[in-house]
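The primary structure of each chain is shown beneath.
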Amino acid sequence: GSEAVGISGYDAVSYFVGDGTPTEGSKEHRVRYNGVEYHFATAENAATFQAEPAKYAPQYGGHCAWAASKGKLAPGDAKLAKVVDGKLYLNFNETVQKDWLSDIPGYIEKADQEFPKISPDARFDDA
């Protein structure tokens, strides 16, 4: 079956190292976590992720953090990402990210409450 590939195939660890520029991962270095396959640029990054996946995996299963705060699911864009307090958050598009950046703590607090209640079928398109 076609596995869901997390963060559009970008290396989750790359957001946390160096200057935080997202790097595309490779199928050669893949790790499965919570039903999602993550790709990594290097074996070293894959091993780092495998040791502590919860630390590096994006919040809300890689869904948009802004949408999650509204009780909706929208895909997160690998290039619209931000590490806040050691956690990786993705946003759906630049407009949404701008709004999200205006009150990150508020949106995270709401999303942390809303996300567990969202049905896997609740797609952003239905909103």
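Values in this document were obtained by computation on a predicted structure and should not be read as measured data. (Residues numbered from 1 in each chain as written. Predicted model: local features only at pLDDT ≥ 70, side-chain atom pairs only at ≥ 80, totals over all residues. Heavy atoms only, no water.)

Undergrad: In this structure, what is going on with the side chain of Ser14? I would like to understand it.
TA: Here Ser14 shows up in the segment before strand S1 (26–33). Residue Ser14 is classed as buried on the basis of its relative accessible area of 4%. In terms of polar contacts, Ser14 uses its side chain to reach the backbone amide nitrogen of Thr23, at 3.0 Å. Setting aside anything within four residues of it in sequence, one finds Ser14 in contact with Gly20, Thr21, Pro22, Thr23 and Asn45. (Helix = DSSP H or I, 4+ residues; strand = E, 2+ residues; numbered from the N terminus. Buried < 20%, exposed > 50% of the residue type's maximum accessible area, 1.4 Å probe, protein only. Polar contact = N/O pair within 3.5 Å; in protein donor to acceptor, adjacent residues only side chain to side chain. Contact = heavy atoms within 4.5 Å.)

Undergrad: Would you explain the packing of helix H4 (residues 94–102) against helix H5 (residues 104–114) in this entry?
TA: Any two packed helices are characterised by the angle at which their axes cross and by the distance between the axes. Between H4 and H5, the least distance of the axes is 5 Å, while the angle of their chain directions is 100°. Between H4 and H5, the crossing angle belongs to the class labelled roughly perpendicular. Mapping the contact onto sequence places Asp99, Trp100, Leu101 and Ser102 in H4 and Ile104, Tyr107 and Ile108 in H5. Looking at side-chain class alone, the contact of H4 with H5 contains 5 nonpolar, 1 polar and 1 charged residues. (Axes fitted to C-alpha atoms, helices over the stretch in contact; angles between N-to-C directions. Parallel < 35°, antiparallel > 145°, perpendicular 65-115°, else oblique. Nonpolar A, V, L, I, M, F, W, Y, C, P; charged D, E, K, R; others polar.)

Undergrad: I keep staring at the side chain of Asp11 and nothing clicks. Help me out?
TA: Within the secondary structure layout, Asp11 lies in the segment before S1. For the buried Asp11, which has no salt bridge, the nearest side chain bearing the opposite charge is Lys55, at an N-O separation of 13 Å. A polar contact of 2.8 Å, which involves the side chain of Asp11, links it to the backbone nitrogen of Ala41. Once you skip the residues sitting within four places of it in the chain, Asp11 turns out to touch Thr23, Glu24, Gly25, His39, Phe40, Ala41, Thr42 and Asn45. (Lys, Arg positive; Asp, Glu negative; His and termini not counted. Salt bridge = Lys/Arg side-chain N within 4 Å of Asp/Glu carboxyl O.)

Undergrad: Teacher, can you tell me more about unusual backbone geometry here?
TA: In terms of backbone geometry, most residues other than glycine have negative phi values and most peptide bonds are trans. One non-glycine residue, Ile7, lies in positive phi territory at about 50°. Counting through the fold element by element, Ile7 comes out in the segment before S1. Overall, Ile7 belongs to the buried group, its relative accessible area being 6%. With phi around 50°, Asp85 is a residue other than glycine that occupies positive phi space. Checked against the element boundaries, Asp85 lands in the loop between strand S3 (77–84) and strand S4 (87–91). The class for Asp85 is exposed, based on a relative accessible area of 76%.

Undergrad: How do you make sense of the pattern of salt bridges when you look at a structure like this?
TA: Pairing of side chains with opposite charge becomes possible as their charged atoms draw close. What the rule picks out here adds up to 2 salt bridges. With its nearest N and O atoms 3.8 Å apart, the salt bridge here joins Arg30 to Glu37. In this structure, Glu114 engages Lys117 in a salt bridge whose closest nitrogen and oxygen atoms are separated by 3.8 Å. Judged by its relative accessible area of 25%, Glu114 is partly exposed.

Undergrad: How should H5 be read in this particular structure?
TA: Two residues of an α-helix separated by three or four positions point the same way, owing to the 3.6 residues in each turn. Buried residues of H5: Ile104, Gly106, Tyr107, Ile108 and Ala111, and no others. Its buried side turned inward, H5 meets helix H3 (65–69), S3, S4 and H4. The N-cap residue of H5 is Asp103: its side-chain oxygen and the backbone nitrogen of Gly106 are 3.1 Å apart.

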